[in-house]
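Spelled out from the first residue to the last, the chains are:
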Amino acid sequence: MFARRLLYWASMAAGLVLAIVPLPAWLDPVRPDLALLAMIYFVLTSPRIAGLGYAWLSGLFLDVLRGMVLGQHALGFLVVGYVTHKLQLRMRMFPIVQQAVIVMMLLGLYHFLMFWIDGLTGHGFTGWVRWLPVVSGALLWPLVVALGDSLTRRSS
Amino acid sequence: MVELTHDSRPIIGRGPPLTAYFLTLAAISVGLMVADQRYRQIDRIRETLSMAVYPVQRAVDFPFRATDWVTGSFADRSRLRQENLELTARLRLANLQLQRFAVLEEENRRLRDMRENTSGIAEKVLVASILNVDLDPFRHRVLLDKGAGDGVFKGQAVLDGEGIFGQVAKVNTSTAEVILISDAEHAIPVQSNRSGVRTIAVGTGDQNKLSLPFVTVESDLQEGDLLLSTGMGGVFPPGYPVAKVSKVKRAGSTFALVEAKPAAQLDRAREVLLVWFKAPVFDAEMQPPPATAGADGTEAATADQPATARPTAPPAATPGDGTASPVAAPTPAPPVTAPATAPTRPPASVNGFSSGEPPAANAETTAPSPQAGGE
């Protein structure tokens, strides 16, 4: 159990590191939200342990790391976590491609929320480029699942 | 395939009800956001949290720093020699310029003493490194490795070797977030070194471009003009290069389309300077010469008029343009030096004007507020 908990926190840290690691300028807008994907994965596999509190904390740390309005990503992660929680029993049954489509919708919801809050706080950026992580994240979903499954199997 | 590793079905009495939990956390998030926009106290929470994430930022930065160190330690001898030679040559050149500069500076101090105004010269600088951390692809912000513990404050000017870089937007205990002058939310008051035209340079979100939206068709700006900071608003020290005008298009009816390229190396700088300086004094005790006071009061109108009819600029621009004479007669007119002689910091003329400004000049704030950069 301890190993499992360690895995959650380690993957949160890894996701956060990957959220701020410098990328070349052309790749920067495409950067997938790995912290969010990891959170979705853990909410699907072990919702009793990695629940909404876990999601909210990930988002809050991301806010601080990126110097955003405090609570912005926290709310986004929380909403996505909640919706995932509601869908979990169905999502687990889906084949991987269908899962990726749902994940894409979740990411779309998340980025819409971010866009909305950005607009409210006066940081609006309206270019289409800001929606690229939705696609890149959905494409990465199978990889996240594969990696997560192998790690979970090893740690249990 | 996602595997079910734990029973997830809700069991009565295990944990708080999901929706209630969700609503509570959502309310806290919204509360935090509102507080972050409105109240100062939230900075304490942010500071505490930023201490928690500081190791993460350092961890991300570490490999880059280590690579730098390794390449630096094992650099081959010939390259070091080559670099040494180049640096020596540059130092010699700089020393040569400095000699002339010393005379100018002395001159300047004397003139400024006459006006009881010693503002505008950087008094203390602190070198800070930029952490190799990506913040947000759509905002031009960088993170410095110096924070409140080093005396960094919000709104502090940040320069690099070439010019004005940005200003401190958020201060944490050991890091500080800097908003670059190219950020779409940033605006900085500038003045043309050649003609003395004053305007505001607004960031565009493109690191190689500033936009000057408030330049009228008639105003005297040309491609290649060096734009210096004016020191109005009290954030940036006056007389430092901000940008070079790269494009002037006088197609419209009222406003010209003017773009400028930032002087600072916004995308390449690794180390920057945090500057402490005495802000220009705008208070009423200062008695600007009557001629200047009247002319500067109509600052907005100044930019509208053609160069010949402008009341402020001619005394500054005409003697300074061609001749290299740094001497200014201590007449009621503001002290004037030749901008051409001190390319990096032609202080007296700029200082003279900005110190003569009425307090209303502060309205042109450079704070990264939506109003300042809304355009």
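Each chain has its residues counted from 1, running along the sequence as written. To label them, take the chains in the order written and letter them from A, then take the ligands in the order written and number them from 1. Given that the model is predicted, a residue must reach a pLDDT of at least 70 before its local features are reported, and side-chain atom pairs must reach 80 or more before they are shown or counted; all residues, however, enter totals for whole chains, interfaces and linings.

Brief notes about the overall build of chain B
Using the following cut-off: Secondary structure elements follow DSSP: runs of H or I of four or more residues count as helices, runs of E of two or more count as strands, with numbering from the N terminus. Exposure is read from a count of other C-beta atoms within 10 Å of each residue's own; the residue is exposed at 12 or fewer, buried at 20 or more and partly exposed in between. C-beta atoms are placed from the backbone. In this description, any two residues whose backbone-derived C-beta atoms lie within 7 Å of each other are considered to be in contact.
Along chain B, the regular secondary structure elements total eight helices and 12 strands. Buried residues in chain B amount to 39% of all 375 residues. In chain B, the proportion of contacts linking residues at least 24 apart, taken out of those at least 6 apart, comes to 63%.

Observations regarding the sheet that holds strand S10 (residues 241-249) of chain B
Strand pairing in a sheet relies on backbone hydrogen bonds, with the paired strands running either antiparallel or parallel. Residue and element names in this part refer to chain B. Inclusion rule: Note on pairing: two strands pair once DSSP finds at least 2 bridges between them.
Strand order in the closed barrel formed by six strands is S6-S7-S8-S11-S10-S9, with antiparallel pairing between adjacent strands. Both strand S8 (residues 210-211) and strand S11 (residues 257-262) contribute to a ladder of two bridges, which runs antiparallel. Across the sheet, residue leucine 210 finds its bridge partner in S11, namely alanine 260.

Remarks on the pairing of strand S5 (residues 176-180) of chain B
Residues and elements named next belong to chain B. Among the five residues of S5, five are classified as buried, and the element is accordingly described as predominantly covered. The alternating pattern of S5 places Ala176, Val178 and Leu180 on one face and Glu177 and Ile179 on the opposite face, and all of these are buried. Judged from the four bridges that link them, strand S2 (residues 141-144) and S5 form a sheet pairing that is antiparallel. Bridge pairing in S5 links valine 142 to valine 178.

Let's talk about the interface of chain A and chain B
Definition in use: Following the grouping adopted for this structure description, the nonpolar residues are Ala, Val, Leu, Ile, Met, Phe, Trp, Tyr, Cys and Pro, the charged ones are Asp, Glu, Lys and Arg, and the polar ones are all others, Gly among them.
At the interface, 44 residues of chain A touch 41 residues of chain B. Looking at the side of chain A that touches chain B, the elements that each hand over two or more residues are helix H1 (2-20), helix H2 (34-45), helix H3 (52-66), helix H4 (72-91), helix H5 (96-120) and helix H6 (132-155) of chain A. Here the element with the most residues in the side of chain A that touches chain B is H4(A); it accounts for seven residues. Within the side of chain A that touches chain B, the residues separate by chemical class into 26 nonpolar, 12 polar and six charged.

Points about the nonpolar core
Put simply, the test is: Here, a nonpolar core means buried Ala, Val, Leu, Ile, Met, Phe, Trp, Tyr and Cys residues linked by C-beta atoms lying within 7 Å of one another.
The biggest cluster of nonpolar side chains holds 92 residues, and the ones touching the most others in it are A:Met39, A:Ile40, A:Leu78, B:Ile164, B:Ala201 and B:Val242. Tallying contributions element by element places H2(A) first for this core, with 11 residues. With near-sequence residues (within four places) excluded, B:Ala201 lies in contact with B:Ala187, B:Ile188, B:Val190, B:Leu210, B:Leu212, B:Leu227, B:Val242, B:Ala243 and B:Ala260.

Remarks on the packing of H3(A) against helix H2 (residues 42-73) of chain B
Quick reminder of the rule: Lines fitted to C-alpha atoms define the axes here, with helix axes fitted over just the stretch in contact, and angles between the N-to-C directions of these axes take values from 0 to 180 degrees. Oblique is the label for any angle not covered by the other classes, which are roughly parallel (under 35 degrees), roughly antiparallel (over 145) and roughly perpendicular (65 to 115).
Between H3(A) and H2(B), the shortest axis-to-axis distance is 9 Å and the interhelical angle comes to 85°. Put simply, H3(A) runs roughly perpendicular to H2(B). Contacts between H3(A) and H2(B) involve A:Phe61, A:Val64 and A:Leu65 from the former and B:Arg46, B:Leu49, B:Ser50, B:Val53, B:Val56 and B:Gln57 from the latter. Residues of the contact of H3(A) with H2(B), tallied by class, amount to six nonpolar, two polar and one charged.

Observations regarding the confidence of the model for chain B
All names here are of chain B. Formally: Summary of the metric used: pLDDT quantifies the predictor's per-residue confidence within the range 0 to 100.
In the predicted model, chain B carries a mean pLDDT of 71, and the fraction of residues at 70 or more is 67%. Predicted confidence for residues 283-375 stays below pLDDT 50, and this span has 161 contacts to residues more than four positions away or in other chains. Two numbers describe this predicted complex: its pTM, 0.67, and its ipTM, 0.85.

Overview of the pairing of S11(B)
In terms of strand pairing, S10(B) meets S11(B) through six bridges, oriented antiparallel. Within S11(B), the residue paired with B:Lys249 across the bridge is B:Leu257.

Some remarks on the packing of H1(A) against H3(A)
Residue and element names in this part refer to chain A. Quick note on the threshold: Crossings are classed by handedness, with left-handed meaning an anticlockwise turn of the near helix from the far one by less than a right angle and right-handed meaning a clockwise turn.
The contact between H1 and H3 brings their axes to 10 Å, and the two run at 30°. Between H1 and H3, the crossing angle belongs to the class labelled roughly parallel. As H1 runs across H3, the sense of the crossing is right-handed. Touching Tyr8, Met12, Gly15, Leu16, Ala19 and Ile20 of H1 are Tyr54, Ser58, Phe61, Leu62, Leu65 and Arg66, all from H3. Split into classes, the residues belonging to the contact of H1 with H3 amount to nine nonpolar, two polar and one charged.

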